[in-house]
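Now for the letters of each chain:
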Amino acid sequence: MDMKYLTPLIATFLFLTVAVSAQDGAALFNKHCKACHTIGGGNKVGPDLAGITSKKDFDWLVKFVKSSKDLIASGDPDAVAIFEEFKKTPMPSHSNSVAEIKAMLDYIASGGVSPGGPEIEKKEMSMVFEPDAEKGRKLFTGELAFANGGPGCIACHSVRRNDVSFGGLLAMDLSVSYKENIVETMETSMPAMINSYGNSPLAVDERANLDLFLKITKEDQLYQSPGQFNGMFFLFGFIVFVFILIIIHIFWRTNKKIGVLDNIFKRQIRTQ
Amino acid sequence: MSDFFFIGLPYGSIVIMVIGTIYRYRSSQFGYSSLSSQFLESNNLYKGIRPFHWGIIFLFFGHLVAFLFPRSVLIWNGDILRLLIIEITAFGFGLLTLWGLIILIIRRVQTKRIHAVTSRMDVVVYIILLVQVITGLFSAYLYRWGTSWFASVMSPYLKSLFIFSPDTAALQAMPLWVQIHVVSAFTMLALIPFTRFVHILVYPLLYFFRSYQRVVWNWDKNKIRNSSKMNVGKPPENN
């Protein structure tokens, strides 16, 4: 190959690589950080990350992202201070590679602007988000899956609503528990919720939709009279049990049911 | 206390199980079985053992799938009909296990011949199985959609044990029935080397692949069966 083509080729390659990694940083940030952090928008569940790369060194940040719990347990004063400041809720551990964490940190260092992508950012900013209670209901029942893969609320919770049947009974009934930001509060403070959503946090819009759904549910309680399912659950379970028992007895009907020594045993007992 | 039950006990049980089973396999292979008592009583055994084993094997693999593939279970449960199908089926299999177990317990208590081959550890086995099945059924009924919350709450706990970074916070917040179920499950693990539970590890899988065995009688069977004069010619009723 002619040498005169080589330099522009390498330059293009490097430019693309940088552009791609920056884009990845934005995508990774949206997936892993955005639910709890902002870049220059103030504290949320976790601290505002603007300027974090100049405050802390790279190795420390990697350790914190990978397992903040370990860093806190090791007694690191900064990690402990953050833990204390943010309601003693540790940041969930992330299994991202060092390269991915670097891409996210580069994106944060750039102030949350991806090169080549300011139009997208602007578009996102200009969109006005309106929570949707119907989407909230679908997220609650699991009809609509959470973006990060967490379980539907119905696994453990129930609400008294005619259009939500068969809620779970492990955790509390949420019919009248609505308070402002209830979803976020529960998600970050209850151990079972941290286990369920620690590695798959709810997105901001999902929380808003759920909040609105729970708010409406609380307000509509007077008009709800859903059927009860407990007795039916037992009854159907019992039917399945009888059904399998019958299948077992049909399938093995030719099996020897009485031992070959049965008569001998009976005779022995008679003579005793 | 909870550290003992939810961290110490699981690790202790696994160590005891691994070392104990290896030791027992090397020291007394003849005892490495379910110690069948079919020879002494087979009527009630037939009625109890099939429901029990079908039930417990289904439930064991159900727990295993929810532990290994929690995401898939949650996706399956996303549809309420599919959730109902899996929950009701699992509950039915739970009842099946309890039914079989009760028949087997009655059989062991009522049949005098079996008393002779019943050890203390057998009593322990029956008690712990009963505790396990009853707490499981209560958990499924009282705190329903266990398939979903097992996948999202219990699987991370079990995973945390396997990666040696135990996190028991969620388990501590669980209802007592569930906690007893977990503790008795780990206790069962520790009992494997010392009880008839060892037969779980030596399922004769080779039976599926071995060739047929030919049984050769050294007399003319037809002649004996068809004889009208000889008493022995009467075919056995139950053979």
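## Looking at the interface of chain A and chain B
For interface size, the figure often reported is the accessible area lost on association.
Step number 1: Across the contact, 45 residues belong to chain A and 43 residues belong to chain B.
Step number 2: Summed over both partners, the interface of chain A with chain B comes to about 4,100 Å²; 66% of that surface belongs to carbon and sulfur atoms.
Step number 3: When the buried area of chain A at its contact with chain B is split by residue, Leu170(A), Asn195(A) and Phe233(A) rank highest and sum to 18% of it.
Step number 4: Inspection of the chain A/chain B interface yields zero salt bridges.
Step number 5: At the junction of chain A and chain B, the tally comes to five residue pairs in polar contact (both at pLDDT 80 or more).
Step number 6: Broken down by secondary-structure element, the contributors of at least two residues to the side of chain A that touches chain B are helix 10 (191-197), helix 12 (230-251) and helix 13 (262-271) of chain A.
Step number 7: Broken down by class, the residue content of the side of chain A that touches chain B amounts to 25 nonpolar, 16 polar and four charged.

## Here's the deal with the pattern of salt bridges
Residues and elements named next belong to chain A.
Step number 1: As enumerated under the stated definition, the model contains nine salt bridges over all chains in all.
Step number 2: In this structure, Lys 102 engages Asp 106 in a salt bridge whose closest nitrogen and oxygen atoms are separated by 3.1 Å. Taken together, the residues span about one helical turn, with Lys 102 and Asp 106 both in helix 6 (residues 98-109) at a distance of four residues.
Step number 3: Residue class for Lys 102 comes out partly exposed when judged on its relative accessible area of 42%.
Step number 4: Between Glu 134 and Arg 137 there is a salt bridge, with its nearest N and O atoms 3.1 Å apart. Of this pair, Glu 134 and Arg 137 both sit in helix 8 (residues 133-141), three residues apart, which is roughly one turn of the helix.
Step number 5: The class for Glu 134 is partly exposed, based on a relative accessible area of 37%.
Step number 6: Counted as one network, the salt bridges with shared partners bring together Glu 134, Arg 137 and Glu 143.

## Quick word on helix 2 (residues 43-68) of chain B
Step number 1: Here helix 2 of chain B is 26 residues long and its end C-alpha atoms lie 38 Å apart, about the 38 Å a rise of 1.5 Å per residue gives.
Step number 2: The principal kink in helix 2 of chain B, of about 25°, is found at Ile49(B), preceding the proline Pro51(B) by one to four residues.
Step number 3: Among all positions in helix 2 of chain B, only Leu45(B), Tyr46(B), Gly48(B), Pro51(B), Phe52(B), Gly55(B) and Ala66(B) are buried.
Step number 4: As for helix 2 of chain B, its buried residues are in contact with helix 12 of chain A together with helix 3 (70-76), helix 4 (80-110), helix 6 (120-142) and helix 7 (146-162) of chain B.

## Considerations on the confidence of the model for chain B
Step number 1: Chain-level pLDDT for chain B is 86 on average; 91% of the residues reach the 70-or-more range.
Step number 2: For this predicted complex, the interface score ipTM comes out at 0.81, while the overall pTM is 0.68.

## Thoughts on a nonpolar patch on the surface
Step number 1: On the surface, a cluster of nonpolar side chains totalling about 660 Å² of accessible area is made up of Ile57(B), Phe60(B), Phe61(B), Leu64(B), Val65(B), Leu68(B) and Phe69(B).
Step number 2: Of note, Ile57(B) is situated in helix 2.

## Description of the packing of helix 4 of chain B against helix 6 of chain B
Residue and element names in this part refer to chain B.
Step number 1: Relative to each other, helix 4 and helix 6 sit at 155°, their axes nearing to 10 Å. The orientation of helix 4 with respect to helix 6, classified from their angle, is roughly antiparallel. Considering how the two elements wind past one another, helix 4 and helix 6 form a crossing that is left-handed. On helix 6, the residues that touch Phe 91, Gly 94, Leu 95, Thr 97, Leu 98, Leu 101, Leu 104, Ile 105 and Arg 108 of helix 4 are Asp 122, Tyr 126, Leu 129, Leu 130, Val 133, Ile 134, Leu 137, Ala 140 and Tyr 141.
Step number 2: Of the residues that constitute the contact of helix 4 with helix 6, the class distribution is 14 nonpolar, two polar and two charged.

## Considerations on the confidence of the model for chain A
Detailed reading of the predicted model is not advised wherever pLDDT is low.
Residue and element names in this part refer to chain A.
Step number 1: Confidence in the prediction of chain A, expressed as mean pLDDT, is 77, and 80% of residues score 70 or more.
Step number 2: Ranking the helices and strands of chain A by mean pLDDT puts helix 12 first, with 91, and helix 7 (residues 118-126) last, with 47.
Step number 3: Segment residues 116-123 is flagged for pLDDT under 50; beyond a separation of four residues in sequence, or across chains, it makes three contacts in the model.

## Some remarks on unusual backbone geometry
Step number 1: At Asn181(A), a position not held by glycine, the phi torsion is positive, near 55°.
Step number 2: Here Asn181(A) shows up in the loop between helix 8 and helix 9 (182-189).
Step number 3: At Trp145(B), a residue that is not glycine, the phi angle is positive and equals roughly 70°.
Step number 4: Its place among the elements puts Trp145(B) in the loop between helix 6 and helix 7.

## Let's talk about the state of the cysteines
Step number 1: Overall, the coordinates contain zero disulfides over all chains when judged by the stated rule.
Step number 2: In this structure Cys153(A) is not part of a disulfide, and its nearest cysteine sulfur, from Cys156(A), lies 9.2 Å away.

What counts and how
Residues numbered from 1 in each chain as written. Chains lettered and ligands numbered in written order. Predicted model: local features only at pLDDT ≥ 70, side-chain atom pairs only at ≥ 80, totals over all residues. Heavy atoms only, no water. Contact = heavy atoms within 4.5 Å. Buried area = accessible area lost by both parts, 1.4 Å probe. Salt bridge = Lys/Arg side-chain N within 4 Å of Asp/Glu carboxyl O. Polar contact = N/O pair within 3.5 Å; in protein donor to acceptor, adjacent residues only side chain to side chain. Helix = DSSP H or I, 4+ residues; strand = E, 2+ residues; numbered from the N terminus. Nonpolar A, V, L, I, M, F, W, Y, C, P; charged D, E, K, R; others polar. Buried < 20%, exposed > 50% of the residue type's maximum accessible area, 1.4 Å probe, protein only. Expected span 1.5 Å × (residues − 1). Bend = angle between axes of the 7 residues up to and from the residue. pLDDT = per-residue confidence, 0-100. Patch = residues over 30% accessible without salt bridge, like charges linked within 9 Å, V, L, I, M, F, W, Y side chains within 5 Å. Areas by Shrake-Rupley, 256 points an atom, 1.4 Å probe, with all protein chains shown as cover. Axes fitted to C-alpha atoms, helices over the stretch in contact; angles between N-to-C directions. Parallel < 35°, antiparallel > 145°, perpendicular 65-115°, else oblique. Left-handed = near helix turned anticlockwise from the far one by under 90°. Disulfide = S-S within 2.5 Å.

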